[in-house]
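Chain residues, written in single-letter form:
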Amino acid sequence: MKIDLYIGGHAQGKEKLVREKYGSSACVINELHMWIRERLEKIYKDGADTAALTEAIMKELDVFLTEQVEKSEKQSTVSDETEKDIHVTGIKKDCESVAKVVVISDEIGCGIVPIGSFDRCWREVTGRVLTRLAARAEGVYRVTCGLERKIK
């Protein structure tokens, strides 16, 4: 599976840029950081080992990405609405196979460290997951003010 990863601050134009660049040729997974939060809420316990939580989330993510690629290969039309429960947008139209999976995530590791233990854990696990995805990705891009900068 070919993956490109787009990261950046909230409302920096990541999704718009990806839609313009890839059109319908990619399966776009948007708001990965929120997907991670939803999964983490189900398995988090105070004082939990973030490395173990990262492993659990990565296993789920691998299954999720595979399912989305399979779903997009079978699907020929899609509404413009975001599927809120799984944060998937832009599933391909009129393509026989998905050339690429594009993952979009807010960078949540900058700024003030959260007071709550869950939010600190979410921030750390998200950073670890994005680091591992970046290592696997063909391209990694940071988006600021709607402009992309290739970092891998």
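For the structure itself, consult the block above.
Every value quoted in this text rests on a predicted model; they were computed, and no experiment measured them.

(A) Up close: the overall build of the protein. Across its full length, the protein holds four helices and six strands. Taken across its 152 residues, the protein has 43% of its residues classed as buried. In the form shown here, the protein has an accessible surface area of approximately 8400 Å², with 52% of it arising from carbon and sulfur atoms.

(B) Structural context of unusual backbone geometry. At Glu-31, a position not held by glycine, the phi torsion is positive, near 60°. Following the sequence through the fold, Glu-31 ends up in the loop between β2 (26-29) and α2 (32-43). Taking relative accessible area as the criterion, Glu-31 reaches 32% and is therefore assigned partly exposed. Phi at Cys-145 is positive, roughly 55°, even though this residue is not glycine. Note that Cys-145 resides in the loop between β5 (139-144) and β6 (147-150). Owing to a relative accessible area of 65%, Cys-145 belongs among the exposed residues under this scheme.

(C) The pairing of strand β1 (residues 3-8), seen in detail. With six of its six residues buried, β1 lies for the most part within the structure. Side chains Ile-3, Leu-5 and Ile-7 project from β1 onto one buried face, and the interleaved Asp-4, Tyr-6 and Gly-8 project onto a second face that is buried too. In the sheet, β1 pairs with strand β4 (residues 100-106) via six bridges, with the strands oriented parallel. Along β4, the bridge assignment pairs Asp-4 with Val-102. Here β1 pairs with β5 via five bridges, running parallel. By the bridge assignment for β5, Leu-5 is matched with Val-140.

Thresholds applied
- Residues numbered from 1 in each chain as written.
- Predicted model: local features only at pLDDT ≥ 70, side-chain atom pairs only at ≥ 80, totals over all residues.
- Heavy atoms only, no water.
- Helix = DSSP H or I, 4+ residues; strand = E, 2+ residues; numbered from the N terminus.
- Buried < 20%, exposed > 50% of the residue type's maximum accessible area, 1.4 Å probe, protein only.
- Areas by Shrake-Rupley, 256 points an atom, 1.4 Å probe, with all protein chains shown as cover.
- Pairing = 2+ DSSP bridges.

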